[in-house]
Amino acid sequence: MRIDIVSLFPEFVEQCAGFGVTGRARERGLLDLHGWNPRDWAEGNYRKVDDRTFGGGPGMVMLVEPLRRCLAALRQADPLPPRVVYLSPQGRPLDQARVRELAALPRLALLCGRYEGVDERLVQAEVDEEISIGDYVLSGGELAAAVVVDAVARLQEGALNDAGSASQDSFEDGLLDCPHYSHPVEHAYGTVPEVLRSGNHAAIARWRRQQALGRTWQRRPDLLAGRVLSKADQALLDEWRREQGR
Ligand SMILES: CN1CCN(c2ccccc2CNc2ccc(C(N)=O)cn2)CC1
């Protein structure tokens, strides 16, 4: 997968993707990142990329023309046409389902806004979709872009070591994750649940599913609101709630 990042600070996102799973995905040729700086396409010796907003009020707006030229250049850099994504608070909330769809695309171009954002005419003419990583305001789109890069990189085939661990992810089936434990078994903070040391893989899988269902019901009932649980899952959740009530 190729990802082009359009930003006044392109090196920032490339550094975010320089280590861990994303770094490994790049080394394995699973992810190809390219940074593009609209300032390189701005006119004049001040290489102006922003200007005052019409209608008055505080803040500057990123100009159409440097971004248009920058996007034209990145399109020419590879025959694959990119899906152009604008990271903004006005975007559609990002969730794992959307991450999976993005991860399946051959090429993404992530447009990072600064100042008060981008001239709306550029957005209307060039952006395929706006995405928000959450209902809060950042000083620029770069951190949001880095989130998208990380989330899609780890879904690239071969990016994660133990096969299938992405499919075991929380949110992979719309539920929160179960709790995790490691050594030591006994600690002042508590003891590792017996079932996890039993070697009974069916019981372990059952316990994990039940914990995921219980925690989702308790912490994020909104994730369950939109779905009908299987009879088995409903039974697990009912049992979990009874045990909680005890
Ligand atoms: C002070 N202004 C800075 C620029 N910003 C703005 C406006 C438009 C586009 C991008 C940005 C960049 N900021 C982002 C980006 C994404 C998210 C998200 N939730 O995904 C939050 N913030 C508006 C506010």
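See above for the structure.
Residues numbered from 1 in each chain as written. Predicted model: local features only at pLDDT ≥ 70, side-chain atom pairs only at ≥ 80, totals over all residues. Heavy atoms only, no water.

1. Notes on the overall build of the protein chain
Thought 1: Counting its secondary structure elements, the protein chain contains nine helices and nine strands.
Thought 2: Over its C-alpha trace the protein chain gives a radius of gyration of 23 Å, far above what one expects of a compact globule, namely 18 Å for 246 residues.
Thought 3: Its C-alpha atoms give the protein chain principal-axis dimensions of about 70 × 40 × 35 Å.
Thought 4: Scored against the burial criterion, the 246 residues of the protein chain give a buried share of 41%.
Thought 5: Put simply, of all contacts in the protein chain between residues at least 6 apart along the chain, 74% involve residues at least 24 apart.
Thought 6: For the protein chain, the exposed surface amounts to about 14,100 Å²; the carbon and sulfur share of it is 51%. (Helix = DSSP H or I, 4+ residues; strand = E, 2+ residues; numbered from the N terminus. Rg over C-alpha atoms; globule rule 2.2 N^0.38 Å. Buried < 20%, exposed > 50% of the residue type's maximum accessible area, 1.4 Å probe, protein only. Contact = heavy atoms within 4.5 Å. Areas by Shrake-Rupley, 256 points an atom, 1.4 Å probe, with all protein chains shown as cover.)

2. Some points on the site of the ligand
Thought 1: Of all residues adjacent to the ligand, which total 18 residues, the nearest are Tyr86, Tyr115, Ile133, Gly134 and Leu138.
Thought 2: Measuring from an oxygen atom of the ligand, one finds a backbone N or O atom of Ile133 at 2.8 Å.
Thought 3: Within the contact set of the ligand, a nitrogen atom lies 2.8 Å away from a backbone nitrogen or oxygen of Gly134.
Thought 4: Expressed as a share of its isolated accessible area of 520 Å², the protein-covered part of the ligand is 88%.
Thought 5: Applying the majority rule of atoms within 2 Å of the grid points places the ligand in the largest pocket.
Thought 6: Residue contributions to the shell around the ligand peak at four residues, all from strand β5 (residues 83-93).
Thought 7: Residue composition of the shell around the ligand, grouped by class: nine nonpolar, eight polar and one charged. (Near = heavy atom within 4 Å. Polar contact = N/O pair within 3.5 Å; in protein donor to acceptor, adjacent residues only side chain to side chain. 1 Å grid on protein atoms, 1.4 Å probe; cavity = no way out; pocket = protein on both sides within 12 Å on 5 of 7 lines; lining within 4 Å. Sits in = over half its atoms within 2 Å of the grid points. Nonpolar A, V, L, I, M, F, W, Y, C, P; charged D, E, K, R; others polar.)

3. Describing helix α6 (residues 142-153)
Structurally, the α-helix is built with 3.6 residues per turn, so residues lying three or four positions apart point the same way.
Thought 1: Between its terminal C-alpha atoms α6 stretches 16 Å, which fits the 16 Å expected from twelve residues at 1.5 Å a residue.
Thought 2: Counted residue by residue, α6 has nine buried out of twelve residues, so it is predominantly covered.
Thought 3: Buried within α6 are the following residues: Glu142, Ala144, Ala145, Ala146, Val148, Val149, Ala151, Val152 and Ala153. (Expected span 1.5 Å × (residues − 1).)

4. A closer look at the pattern of salt bridges
Thought 1: The full count for this structure, using the stated rule, is 17 salt bridges.
Thought 2: The shortest N-O distance in the salt bridge between Asp40 and Arg47 comes to 3.3 Å.
Thought 3: The partly exposed category is assigned to Arg47, whose relative accessible area is 35%.
Thought 4: For Arg209, the salt bridge goes to Asp233, with nearest N and O atoms at 2.7 Å. Of this pair, Arg209 sits in helix α7 (residues 201-219) while Asp233 sits in helix α9 (residues 231-245), and the two are 24 residues apart along the sequence.
Thought 5: Judged by relative accessible area, which is 10%, Asp233 ranks as buried.
Thought 6: One connected set of salt bridges, linked through shared partners, spans Arg2, Asp4, Asp78 and Arg107. (Salt bridge = Lys/Arg side-chain N within 4 Å of Asp/Glu carboxyl O.)

5. Side note on the packing of aromatic side chains
Thought 1: Per the counting criterion, the structure on display carries three aromatic pairs.
Thought 2: With centroids separated by 5.9 Å and ring planes inclined at 40 degrees, the aromatic side chains of Trp36 and Trp41 adopt a geometry described as tilted.
Thought 3: On the accessibility criterion, Trp36 (14% relative accessible area) is buried.
Thought 4: Both rings, one in Tyr181 and one in Trp207, keep their centres 6.5 Å apart while their planes meet at 55 degrees; by these two values the pair is tilted. Of this pair, Tyr181 sits in the loop between α6 and β8 (186-187) while Trp207 sits in helix α7, placing them 26 residues apart in sequence. (Phe/Tyr/Trp six-rings, centres within 6.5 Å; stacked < 30°, edge-to-face > 60°.)

6. Concerning the sheet that holds strand β6 (residues 107-112)
Thought 1: Strands sit in the order β2-β1-β6-β5-β7 across an open sheet of five strands; the sheet is parallel. What marks the edges here is a single partner per strand, and that holds for β2 (32-36) and β7 (129-132). With strand direction ignored, the average angle separating the axes of adjacent strands in the sheet is 30 degrees.
Thought 2: Bridge count between strand β1 (residues 2-6) and β2: five bridges; the pairing is parallel. (Pairing = 2+ DSSP bridges. Axes fitted to C-alpha atoms, helices over the stretch in contact; angles between N-to-C directions.)

7. Thoughts on the side chain of Arg107
Thought 1: Inspection of the secondary structure assignment puts Arg107 in strand β6.
Thought 2: Arg107 sits in the buried class, given a relative accessible area of 1%.
Thought 3: In terms of polar contacts, Arg107 uses its side chain to reach the backbone carbonyl oxygen of Asp78, at 3.2 Å.
Thought 4: Beyond its immediate stretch of four places on either side in the chain, Arg107 contacts Arg2, Asp4, Leu74, Arg75, Asp78, Leu80, Pro81, Pro82 and Arg83.

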